[in-house]
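Here is what each chain is made of, one letter per residue.
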Amino acid sequence: MTRHAVPTLAAWGLCSLVALSWALTVGRYGGPDEPAHVVRAAAVANGELVGEPAPDLEPGYRFVEVPRSIASGDPACYRHDARTDASCAVASPQSEPVSAATSAGTFPPTYYAGVGLAARLVGAADHALAHRVVAAIAVALVLAVAYARLLAWPDRTRAGLLWAGITPAAWFLTGVVNTNGLEIALLVLAWVLAAELLGAAAVTVPRHLAALGAIGAVVIATRPVAITGVITIGATILVGLQADRRPRWNDRALVGALGAVGGAAALVLAWWVAVGGQVRDSRGVLADEGWRLPEVLGGVDDTLAEAVWSLGWDEFTAPLAVLLVWVALAGTSLAAVAWGVEHRLRRAALVWATCTVAAPIVFELLTARRIGLVWQGRYSIGALLGVTALGAVALPGRLRPVARVAPVLAALASTVTLWVAARRYISGVDGSWWLDRTSGWWPPIGPWLPLLAHTAGALALAIGLTRHRPLVPVAPAGSAR
């Protein structure tokens, strides 16, 4: 077993503990568009890659055959009112095939094949929770690879600050069936590699660029809209390296990385054309021909909230303290860049901020008259992670005491958010904070065991990045290999 395998496996166990805590606490189909994603996964695993058009529905919908237990238990009865618990979403005990519509019917099938086939492999293809567990473990594996790389950094304070940038909203998405969760995990890994490129004195640049190109390709092939996050990371890296007078990258490596990303985008486009995909949804489309710039700009604050401490369909809304923790971490990171001695990092941070803010604005201006103002904050999480990645690279000595406690504060914020979410699904936001089983929905193993498991896993991951000495004898992140 290699020296990297032990910390990766240990991290996988801890990340799985956190992700599964969310998977077992969120109500049935409580994740964003989760019914559509589970139905899609079950259908793809059964060999139905596209399904039949749904003439009476929007263009992206397809009819597929799935077990009745998967097609039942619609969360619409509670997801639009945070005071209503999740007990009304009841799955059918029957598993005979039925026809069901999914809004994810034209999405690339790769993610869905992995989740659906794994659920079939364990004999649970007709259980939505099994799909959620599989998805959570897969996302946890990607996060574990990122975490193991952070353990190899010679400066754990910097590594801990980067890890602390994973927001509570991001952790929520690790526990539900949605391509968004895997996208976020992959972009966490990409930001770790980006930070190594921008901060290391000597690093295997071609290897890093090749890895980043591969990650970008997988992200786009999994979730095409995530190209905005890929572009943000790529632009940040290029500006940060070009502003450095030292030779840090070569054309061949760069062309290879860009080729991988471009190739994935071309494949997704070919798939989209082949299945008759369309960017059109009449439900939210704007009626007039104006650009609606004021409305688009007015949604920027909602985008930030949904990326950090709340989700847009009443999935949860964390206490103000959780938002303040993230604001403190982001402020520390931005101060680190501003007070740092390297102009190149300030230029890179400016590019990062521009791309992160501009992506939803440009997207909605281009698509408002076809699908409406549909950008959600969770689409920006992957790009937003760059704030602590850049802060980790630039961290000066005066901010180290604050950064040292960052991962622990972030772990506690995530645990508090899980408690809030558990209350929302068990009894609604007006229910008991003690999570009583007097009425309403009840998690499969109750709420307290997942809460304890989440606390233990999140704190263990955080404490691992506060130690001063490496847990295993691995090469420093900045050394040539």
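What counts and how
Residues numbered from 1 in each chain as written. Predicted model: local features only at pLDDT ≥ 70, side-chain atom pairs only at ≥ 80, totals over all residues. Heavy atoms only, no water. pLDDT = per-residue confidence, 0-100. Contact = heavy atoms within 4.5 Å. Salt bridge = Lys/Arg side-chain N within 4 Å of Asp/Glu carboxyl O. Buried < 20%, exposed > 50% of the residue type's maximum accessible area, 1.4 Å probe, protein only. Disulfide = S-S within 2.5 Å. Helix = DSSP H or I, 4+ residues; strand = E, 2+ residues; numbered from the N terminus. Pairing = 2+ DSSP bridges. Axes fitted to C-alpha atoms, helices over the stretch in contact; angles between N-to-C directions. Core = buried A, V, L, I, M, F, W, Y, C linked by side-chain atoms within 4.5 Å. Phe/Tyr/Trp six-rings, centres within 6.5 Å; stacked < 30°, edge-to-face > 60°. Lys NZ or Arg CZ within 6 Å of the ring centre and 35° of its normal. Expected span 1.5 Å × (residues − 1). Polar contact = N/O pair within 3.5 Å; in protein donor to acceptor, adjacent residues only side chain to side chain. Patch = residues over 30% accessible without salt bridge, like charges linked within 9 Å, V, L, I, M, F, W, Y side chains within 5 Å. Areas by Shrake-Rupley, 256 points an atom, 1.4 Å probe, with all protein chains shown as cover. Parallel < 35°, antiparallel > 145°, perpendicular 65-115°, else oblique. Left-handed = near helix turned anticlockwise from the far one by under 90°. Nonpolar A, V, L, I, M, F, W, Y, C, P; charged D, E, K, R; others polar.

The next thing to look at is the confidence of the model for the protein. Here the protein averages 87 in pLDDT, while 88% of its residues score no lower than 70. Segment residues 469-481: pLDDT under 50, and 34 contacts once partners within four positions in sequence are set aside and those in other chains are kept.

As a further point, take the pattern of salt bridges. Across all of its chains, the model carries 10 salt bridges by this definition. The partner of R158 in a salt bridge is D155, with the nearest N and O atoms 3.1 Å apart. Residue D155 is classed as buried on the basis of its relative accessible area, which comes to 18%. Through salt bridges with shared partners, one network takes in D155, R158 and R400.

Overall, the coordinates contain one disulfide when judged by the stated rule. Across the disulfide, C77 is cross-linked to C88 (sulfur-sulfur distance 2.0 Å). Measuring handedness by torsion sign, the sulfur bridge of C77 and C88 sits at about 90° and is right-handed. Within this pair, whereas C77 is found in the loop between α3 (68-71) and β3 (97-102), its partner C88 is found in the loop between α3 and β3, the two being separated by 11 residues in sequence. The exposure class assigned to C77 is partly exposed, which follows from its relative accessible area of 37%.

On to the sheet that holds strand β2 (residues 62-67), then. One open sheet holds the three strands; their spatial order is β1-β2-β3, and the pairing between them is antiparallel. Each end of this open sheet is capped by a strand with a single partner; those strands are β1 (52-53) and β3. Bridge analysis of β1 against β2 gives two bridges, and the strand direction is antiparallel. Residue P53 lies in a different strand from β2, and its bridge partner there is R62. Across the sheet, helix α2 (residues 34-45) touches β2 and β3, and the angle it forms with β2 is around 75°.

Residue alternation in β3 divides its side chains into a buried set, V98, A100 and T102, and an unburied set, P97, S99 and A101. Pairing geometry for β2 and β3, over six bridges, is antiparallel. Within β3, the position partnered with V66 by the bridge is V98.

Bringing the nonpolar core into the picture now. Grouped together as the largest cluster of nonpolar side chains are 128 residues, with contacts concentrated most on L143, W163 and F172. Ignoring sequence-local partners within four residues, the contact set of F172 consists of W22, V26, G30, G31, P32, L311, E315, F316 and Y425.

Below, the discussion takes up the packing of aromatic side chains. In total, this model carries eight aromatic pairs according to the counting rule given. Seen from their ring centres, W22 and F172 are 5.6 Å apart, and the 65° between their planes marks the pair as edge-to-face. Residue W22 is located in helix α1 (residues 5-25), and its partner F172 is located in helix α7 (residues 168-174); the two are separated by 150 residues in the primary sequence. With respect to class, W22 is no different from F172; both count as buried. A ring pair is formed by Y78 and Y425, whose centres lie 6.1 Å apart and whose planes are at 85°; its orientation type is edge-to-face. Linking Y78 in the loop between α3 and β3 with Y425 in helix α19 (residues 406-427), this pair joins segments that are 347 residues apart in sequence. No difference in accessibility class separates Y78 from Y425, as the two residues are buried. Members of the aromatic cluster, connected to one another through ring pairs, are W22, F172 and F316. Residue placement shows R424 over the ring face of Y425; its charged tip is 5.2 Å from the ring centre.

The next thing to look at is helix α14 (residues 320-339). In a regular helix each residue adds 1.5 Å, so 20 residues correspond to 28 Å; α14 covers 28 Å between its end C-alpha atoms and thus fits that length. Within α14, the full set of buried residues consists of V322, L323, W326, L329, A330, T332, S333, A335, A336 and V337.

On to unusual backbone geometry. With a phi angle near 55°, Y29 is a residue other than glycine that sits in the positive phi range. Tracing the chain through its elements places Y29 in the loop between α1 and α2. In this structure, L435 is a non-glycine residue whose phi angle is positive, near 55°.

Tracing the backbone through its elements, the reader meets P59 in the loop between β1 and β2. Separated by 44 residues in sequence, P59 and S103 have C-alpha atoms that sit 8.5 Å apart.

Okay, the side chain of T179 next. As for its placement among the helices and strands, T179 is situated in helix α8 (residues 179-199). Among the polar contacts made by the side chain of T179, one reaches the side chain of R223 at a distance of 3.2 Å. With residues up to four places along the chain from it excluded, the contact list for T179 reads H37, Y111, Y112, T222 and R223.

A surface patch of nonpolar side chains, about 490 Å² in accessible area, is lined by W419, W433, W434 and W448. Residue position: W419 is located in helix α19.

This part covers the packing of α19 against helix α20 (residues 448-464). At a minimum axis separation of 8 Å, α19 and α20 run at an interaxial angle of 165°. The angle between the axes of α19 and α20 places the two elements in the roughly antiparallel class. For the crossing formed where α19 meets α20, the hand is right-handed. Where α19 abuts α20, its residues P407, V408, A411, L412, S414, T415, L418 and W419 lie against W448, P450, L451, H454, T455, A458, L459 and A462. Among the residues forming the contact of α19 with α20, the class breakdown is 12 nonpolar, four polar and no charged.

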